[in-house]
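# Notes for the structure review
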There are 2 protein chains.
Amino acid sequence: MSTPLPQFPKPQEPAAEPVLMEFATPAEAPQLRADAARNRARLLEAAARLVERHGVANVTMEAVAAAAEVGKGTVFRRFGDRTGLLTALLDHTEQQFQTAFIGGPAPLGPGASPLERLHAFGCRALRLTSDQLDLYLAAEPSPTRRFSSAPYRVRFMHVCMLLRQAEPAADIELLAQTLMGYLEPALVHHLTRQRGMPLERLESGWHDLVDRTVRPSAGRHLPGA
Amino acid sequence: MSTPLPQFPKPQEPAAEPVLMEFATPAEAPQLRADAARNRARLLEAAARLVERHGVANVTMEAVAAAAEVGKGTVFRRFGDRTGLLTALLDHTEQQFQTAFIGGPAPLGPGASPLERLHAFGCRALRLTSDQLDLYLAAEPSPTRRFSSAPYRVRFMHVCMLLRQAEPAADIELLAQTLMGYLEPALVHHLTRQRGMPLERLESGWHDLVDRTVRPSAGRHLPGA
DNA sequence: TCTTTAAACGGACCTCGGTCCGGTTTATTG
DNA sequence: CAATAAACCGGACCGAGGTCCGTTTAAAGA
């Protein structure tokens, strides 16, 4: 009845709490076995090639496995699920972004005011998303995992930090979620592709939103957070 | 190569533009054939029963068909896909909500100020979502259709209308999407179930958010909307 | 170098959402 | 009350994501 050996030791995400101070790929580097590392690289390369050629929607997990000359089980062992593989495809870009807003030059990185950094953060995020919209869309985790994914958490924590500095008198966490919501790939897709808005309008919208929400003004309904 | 007869005349959603002034079930009443109507009722009843007994996650389309003593094809002909069936399950509640905020008593309906109505709208939406969270979560359409679903559009248009009255100097559409984002089932799930926040805090957050965003204050970055 | 063991491998297999299409039922019309 | 057309029905069928488990293999220790 019970499976004593969890023969699938769960690849990504180590736990749920450790959170902070770790980047997207949490403990993935813990030296893989040589063959595993080689196959991982092959899979990512094959996936990237197929996605570029046929569009992410027409790429099946089996096709990726075949193109990488690897068994199907290997793909899932390494990346967990389709979302995991697609997320890994975006990992390089995401890492760059993280490095930029954590330690890079102003106005994105430290050196500018929290408010300026927040403005810059949203614009950059919007651009990244819009540049690889299909991929970001397809990589979206299931609704119940969206907020637990490593990349999301890193961005979220950063927004929280900026908000704490810029707007201490607020329910930071809720405000941050609201702002993050504006940057969601699904929304960007809807506005740009289905409603035909230019990206510039989304950017203006972000600036406006930030100006409205982050502004010292004792909100009347503040709970004891 | 081509299928001259689209033997599946597409059940839900009539088009993409007609929008306004039609409720959730658009042109679904257009008298179904007697047997079709009977089967539809059976299916909804069976689905509701199974969902209540086993939880929405453990209910397959085939099981619903079997429980309703109907072929599998019939389910999909009637409801399009799983999302369609689940949405139909929520339809009654949603209709009530719509009636309430369109023509019901204040503060939700007309009679109160736009701002008050907006405050009430969010609280009611949060409660509804939280009351049947699992169902709302499972009924969530794919990311590319979320914003096109009939129930979403009705809510969205309403928020737009209220915003136009309360805050003419803003990019209404973007602001409305932001507010709607705060009410998303996925977010409610995360905050209440994964982060353990009480619903009251979400409500306070909504009030605060509305107070912040809808407030006459010439935002500096307004585009020519 | 040989043994050992935990990790990795691969592909058959399962489940479930969604589609197809030949046969059936309902409603309309002459 | 036939006849005709449109809508409906059902269940075999398909594709893709995800799992299982017997086999292989890289790496650490004797």
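Residues numbered from 1 in each chain as written. Chains lettered and ligands numbered in written order. Predicted model: local features only at pLDDT ≥ 70, side-chain atom pairs only at ≥ 80, totals over all residues. Heavy atoms only, no water.

## Quick word on the protein's contact with DNA strand D
In the neighbourhood of DNA strand D, 22 residues make up the surrounding shell, with Ala 34 and Lys 72 of chain A together with Arg 33, Asn 39 and Gly 71 of chain B lying closest. Considering DNA strand D, the proportion of its atoms within 4 Å of the protein that are sugar or phosphate atoms stands at 63%. Between DNA strand D and Asn 39 of chain B, the relevant distance is 2.5 Å, taken from a phosphate oxygen to a side-chain nitrogen or oxygen of the residue. Note that a phosphate oxygen of DNA strand D is positioned 2.7 Å from one of the backbone N or O atoms of Gly 71 of chain B. Of all elements in the fold, only α1 (34-54) and α3 (72-79) of chain A together with α1 (34-54) and α3 (72-79) of chain B reach the threshold of two or more residues within the surface near DNA strand D. Among the elements that make up the surface near DNA strand D, the one with the highest residue count is α3 of chain B (five residues). Here the surface near DNA strand D is composed, by residue class, of six nonpolar, six polar and 10 charged. (Near = heavy atom within 4 Å. Polar contact = N/O pair within 3.5 Å; in protein donor to acceptor, adjacent residues only side chain to side chain. Helix = DSSP H or I, 4+ residues; strand = E, 2+ residues; numbered from the N terminus. Nonpolar A, V, L, I, M, F, W, Y, C, P; charged D, E, K, R; others polar.)

## Comments concerning the relation of the copies chain B and chain A
When chain B is fitted to chain A, the best match, at an RMSD of 0.1 Å, comes from turning it 180° and sliding it 0.0 Å along the axis. When the rotation and shift are considered jointly, the pair of chain copies conforms to a two-fold rotation axis. A share of 100% of the interface residues of chain B reappears at the interface of chain A, consistent with the copies meeting face to face through the same patch. (Least-squares fit on C-alpha atoms with pLDDT ≥ 70 in both. Contact = heavy atoms within 4.5 Å.)

## Comments concerning the protein's contact with DNA strand C
In the vicinity of DNA strand C lie 22 residues, with Arg 33, Asn 39 and Gly 71 of chain A together with Lys 72 and Arg 82 of chain B positioned nearest. Across the atoms of DNA strand C situated within 4 Å of the protein, the share located in sugar and phosphate is 63%. At 3.4 Å from a base nitrogen of DNA strand C is found a main-chain nitrogen or oxygen belonging to Gly 73 of chain A. With respect to DNA strand C, the side chain of Arg 77 of chain A contributes an N or O atom lying 3.0 Å from a phosphate oxygen.

## Some remarks on unusual backbone geometry
Residues and elements named next belong to chain A. Backbone torsion omega between Ala 106 and Pro 107 reads 5°, so that peptide bond is classified as cis. Positive phi, normally seen in glycine, also occurs at Glu 69, with a value near 55°. Within the secondary structure, Glu 69 is located in the loop between α2 (61-67) and α3. Using a relative accessible area of 66% as the deciding quantity, one classes Glu 69 as exposed. (Buried < 20%, exposed > 50% of the residue type's maximum accessible area, 1.4 Å probe, protein only.)

## Quick look at the packing of helix α4 (residues 82-103) of chain B against helix α5 (residues 114-131) of chain B
Residues and elements named next belong to chain B. It is at 11 Å that the axes of α4 and α5 come closest, and there the two elements cross at 170°. Judged on the interaxial angle alone, α5 and α4 are roughly antiparallel. Along its contact with α4, which presents Thr 93, Phe 97, Phe 101 and Ile 102, the element α5 presents Arg 117, Phe 121, Arg 124, Ala 125 and Leu 128. For the contact of α4 with α5, the per-class residue count stands at six nonpolar, one polar and two charged. (Axes fitted to C-alpha atoms, helices over the stretch in contact; angles between N-to-C directions. Parallel < 35°, antiparallel > 145°, perpendicular 65-115°, else oblique.)

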